[in-house]
Amino acid sequence: ILWSGVLAIAWYIFAEATEHELLVLGRMPAVTPAQFCGVLHWGHRLQYRMMWVKVAFIASAYVFTTLGSIIYSAMQLRRFAKMDDVSTMKDYMALVKGLPTRNGSDLGAESESKLLLEEMLGQELVGVSLCWNYTEATEVVEAALEEDLKEAEEAFQIEEQQAVNQQELTLADGGSGGTPIQGVLQAGEGADARSDGPRTSNVDRTWRRGLLRIDELMFNVCGGAPADEAAHGPVRGTEGSERLKEVLKGLQTTDTAFAVFKTEDCRDRAVAASEAVSGFVLSGHPHRITLQTEEVEPESVCFHHFGHPEGRKLYKITIGVLIMLFANLVWGVLFYLPYAYYMAAFTYAHGDEPDVFASTLFSMLVVIGNQLMYFICATVSDSAGFQFIDFNQAFYTVLYTLACMINVLVDLMITGWLAYRQMVTLGVHTGTGELLANLETLHDIIEAFSMQKSLGNQIWLYNFPSSFLVPFIVEPIFAIGLFRHLMIVIVRAHGELSPRQCEQALAIFVPMDLGRYADVLANAFLAVCALFCAPGYFHFTFGALCLCHFYILVYDQYRVLRCVPGFNYSTDFIERTGQGMFGVCGAITLSALVFKSNCMKDGPKQEPGFYCVRDGALFFRLGV
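Draft legend 1. Up close: the sheet that holds strand β1 (residues 93-97). Read from one edge of the open sheet, four strands run β2-β3-β1-β4, paired in antiparallel fashion. The open sheet terminates on both sides in strands that have one partner only, identified here as β2 (125-133) and β4 (290-292). Sheet twist, expressed as the average angle between the axes of neighbouring strands with direction ignored, equals 30°. Two strands pair when backbone bridges link them, and β2 and strand β3 (residues 252-261) are joined in this way by seven bridges, in the antiparallel orientation.

Draft legend 2. Highlighting the packing of aromatic side chains. Applying the stated criterion across every chain, the model contains 21 aromatic pairs. Where Trp460 meets Phe540, the ring centres are 5.9 Å apart and the plane angle is 65°; that geometry is what we call edge-to-face. Placement of Trp460 in helix α17 (residues 449-467) and of Phe540 in helix α21 (residues 538-563) is noted, with a sequence separation of 80 residues between them. Relative accessible area serves as the criterion here: at 17%, Trp460 is assigned to the buried category. Its relative accessible area of 35% is what places Phe540 among the partly exposed residues. An aromatic cluster of at least three residues, connected via ring pairs, comprises Phe258, Phe303, Phe306, Phe388, Phe391 and Phe573.

Draft legend 3. The arrangement of the environment of Asn523 in detail. Mapping Asn523 onto the fold places it in helix α20 (residues 516-529). Note on Asn523: relative accessible area 3%, which makes it buried. When residues no more than four places from it in sequence are discounted, the contact partners of Asn523 are Ser467, Phe468, Phe472, Leu545 and His549.

Draft legend 4. Inspection of α20 at higher detail. If you check α20, its first and last C-alpha atoms are 20 Å apart, about what 14 residues at 1.5 Å a residue would give, namely 20 Å. Looking at the buried residues of α20, the elements they touch are α1 (2-18), α15 (389-426), α17, α18 (470-492), α21 and α22 (573-596).

Draft legend 5. View of the environment of Ala534. Summarising the element assignment, Ala534 is placed in the loop between α20 and α21. Setting aside chain neighbours within four positions, we find Ala534 in contact with Leu25, Gly26, Lys54 and Gln452.

Draft legend 6. Summary view of a nonpolar patch on the surface. A cluster of nonpolar residues, Ile473, Val474, Ile477, Phe478, Leu482 and Leu486, forms a patch on the protein surface that exposes about 470 Å² of accessible area. Here Ile477 lies in helix α18. A relative accessible area of 46% means that Ile477 is categorised as partly exposed.

Draft legend 7. Representation of empty space enclosed by the protein. This model, assessed by the stated rule, comprises two cavities of 30 Å³ or more. Approximately 40 Å³ is the volume attributed to the second largest cavity. The wall of the second largest cavity is formed by Leu22, Leu25, Leu46, Gln47, Met50, Met51, Lys54 and Pro535. If you list the elements that add at least two residues to the lining of the second largest cavity, you get α2 (33-49) and α3 (51-83). Here the lining of the second largest cavity is built from residues that sort into six nonpolar, one polar and one charged.

Draft legend 8. Representation of the nonpolar core in the model. Trp3, Leu22 and Leu531 are the most contacted members of the largest nonpolar core, which totals 72 residues. Ignoring any residue separated from it by four or fewer positions in sequence, one finds Leu531 in contact with Lys54, Phe57, Ile58, Phe538, Phe542, Thr589, Ala592 and Lys596. In terms of nonpolar packing, the next biggest core, distinct from the first, is built from 20 residues, Met120, Leu125, Cys266 and Leu291 among them.

Draft legend 9. Seen up close, unusual backbone geometry. Note that the residue after Phe464, namely Pro465, is joined by a cis bond; omega there is 0°. Here Pro465 lies in helix α17. Its identity is not glycine, yet Ser278 carries a phi of approximately 60°, on the positive side. Looking at where Ser278 falls in the secondary structure, it is placed in the loop between α12 (264-276) and β4.

Draft legend 10. Representation of the confidence of the model for the protein chain within the structure. Per-chain confidence: the protein chain averages 81 in pLDDT, with 86% of residues scoring 70 or above. Considering each helix and strand of the protein chain separately, the mean pLDDT is smallest for helix α7 (residues 184-189), with a value of 39, and largest for α1, with 95. Here residues 183-197 is modelled with pLDDT under 50, and outside its nearest four sequence neighbours on either side it reaches ten contacts, counting other chains as well.

The rules behind these values
- Residues numbered from 1 in each chain as written.
- Predicted model: local features only at pLDDT ≥ 70, side-chain atom pairs only at ≥ 80, totals over all residues.
- Heavy atoms only, no water.
- Pairing = 2+ DSSP bridges.
- Helix = DSSP H or I, 4+ residues; strand = E, 2+ residues; numbered from the N terminus.
- Axes fitted to C-alpha atoms, helices over the stretch in contact; angles between N-to-C directions.
- Phe/Tyr/Trp six-rings, centres within 6.5 Å; stacked < 30°, edge-to-face > 60°.
- Buried < 20%, exposed > 50% of the residue type's maximum accessible area, 1.4 Å probe, protein only.
- Contact = heavy atoms within 4.5 Å.
- Expected span 1.5 Å × (residues − 1).
- Patch = residues over 30% accessible without salt bridge, like charges linked within 9 Å, V, L, I, M, F, W, Y side chains within 5 Å.
- Areas by Shrake-Rupley, 256 points an atom, 1.4 Å probe, with all protein chains shown as cover.
- Salt bridge = Lys/Arg side-chain N within 4 Å of Asp/Glu carboxyl O.
- 1 Å grid on protein atoms, 1.4 Å probe; cavity = no way out; pocket = protein on both sides within 12 Å on 5 of 7 lines; lining within 4 Å.
- Points joined across faces, edges and corners; volume = space filled by probe spheres on them.
- Nonpolar A, V, L, I, M, F, W, Y, C, P; charged D, E, K, R; others polar.
- Core = buried A, V, L, I, M, F, W, Y, C linked by side-chain atoms within 4.5 Å.
- pLDDT = per-residue confidence, 0-100.

Next comes the structure, spelled out in structure tokens:
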């Protein structure tokens with residue numbers, strides 16, 4: 001917020017102090033061909049005459065971005081170090097690797113592992129938690145755990161109800177007596193034949209079955225659905241218990257465990273002893289047993305991912321990245337290309353502007369494209385098998401930011417190419433009177449004022465409101481407000497739900513994650529892309545980014561304090577990843593400085609030299 005606000009104010013000061021018309025350069029409308037010619041020549045002359053102002057601003061923005069990032073990183077590091085002074089469970093834990101595997105039928109697996117480690121370390125442990133390989137049985141295990149929690153809550157409710165009188169019990173247990181979610185279709189088919197009351201028509205029964213199907217779908221999406229025993233077998237009753245025992249006995253432990261020590265000093269001495277001998281040797285065991293510290297809390301451990309081998313994780317990450325690239329390509333060719341071809345009819349260089357429908361359609365395309373990348377990247381990061389949620393979120397941040405960057409580049413290349421072809425067809429000239437079609441290098445084509453005007457307008461439409469604002473207005477309305485209202489109505493109609501199911505169903509549909517880092521980074525990347533185009537959009541772009549991110553800050557503050565039950569992130573790894581990714585924005589700013597300072601002189605075409613390079617030499621400088 002501060003970064004974008006300072007840049008918006010700084011550009012306004014730069015323009016007012018030198019040439020006020022820089023604030024409208026690239027945004028001046030031109031309705032008739034005569035007006036277009038006048039705007040084109042005026043813009044070309046002003047662009048080159050005041051190029052030094054733009055270059056000076058970009059240079060100042062780069063210095064401010066770099067120094068500000070360093071200062072911010074130091075402040076965040078000190079803040080995290082101060083917060084981390086408080087001792088938590090991670091300060092008493094060491095991650096043990098290289099342990100021999102054990103079968104699920106070995107009931108003393110953890111106690112025996114504890115005795116083994118105590119003998120090696122020469123000190124008593126509080127306990128050892130083995131990491132089991134239950135990747136293939138995740139659904140069964142989680143369903144059984146949910147059933148245990150449900151039974152525990154029901155037992156607690158019964159104990160409370162026994163402490164009150166019968167009238168209070170009736171009021172507390174009243175409910176609406178709704179229809180159960182599962183099994184309703186089978187129970188409803190013969191209900192009319194057994195009922196002594198008025199018969200229900202087939203239309204009413206069909207309508208009711210359809211509504212119950214919608215209820216079931218909403219519970220599956222938002223939470224609170226009963227265990228799907230058809231998918232992974234029963235988890236309740238005698239049959240469920242026997243089947244669960246069979247599944248658990250078939251599991252094996254991994255070579256990893258969490259050892260809990262009495263004090264932090266005991267933990268540190270054990271880790272130091274392991275490092276001193278490069279791991280302990282166990283007779284008859286091929287691997288060394290090592291201990292290491294790990295900055296994780298129990299809530300941030302993904303225990304079901306410990307069964308993923310490293311090779312499989314790399315394979316899934318590679319496949320996920322390829323899927324993301326393919327989705328970007330498909331989106332650009334099948335969806336964005338037809339729209340861009342239609343929009344090419346509106347030649348921004350001539351002053352033609354798309355109507356409200358076309359602008360709204362563009363905003364929806366951008367929002368849908370970004371949401372598509374969001375779901376793909378979230379799915380890839382979840383399936384990659386990261387053992388700690390901090391690494392999962394950091395990978396998602398990098399992948400989503402990369403996906404948005406590629407998406408923007410693909411869209412801008414399609415739009416720029418179509419706009420260029422349209423202008424060539426119309427015989428558009430440059431400010432020096434030369435046909436746009438006669439320009440030979442990419443630098444000269446992009447720097448032509450007609451292209452600067454077109455690309456600047458397109459990036460502005462891409463930024464606001466499509467990327468900066470719309471997604472963050474849609475999210476609270478639909479993902480929080482609408483879904484929560486629907487679930488309140490549905491839960492009210494199902495009195496058979498347990499308290500835990502109600503709690504899950506009414507939880508916020510958008511959980512608290514650190515994907516907001518990716519949203520902020522993507523918006524910052526889009527904002528600095530405007531530095532390559534006409535400067536009339538600079539203050540609008542950075543000002544809109546500042547205001548929209550202030551709204552996001554207020555919204556997230558409300559979401560965290562009022563909607564999210566809780567979350568736990570053990571380290572500042574995601575913060576440091578976000579800071580590193582923000583360096584891309586600084587790199588793009590420096591690239592814009594190199595691009596804009598190249599061949600700054602107006603007049604006859606400059607010959608290649610140190611201050612004027614083209615094609616391969618220019619791209620080499622941009623890359624460096």
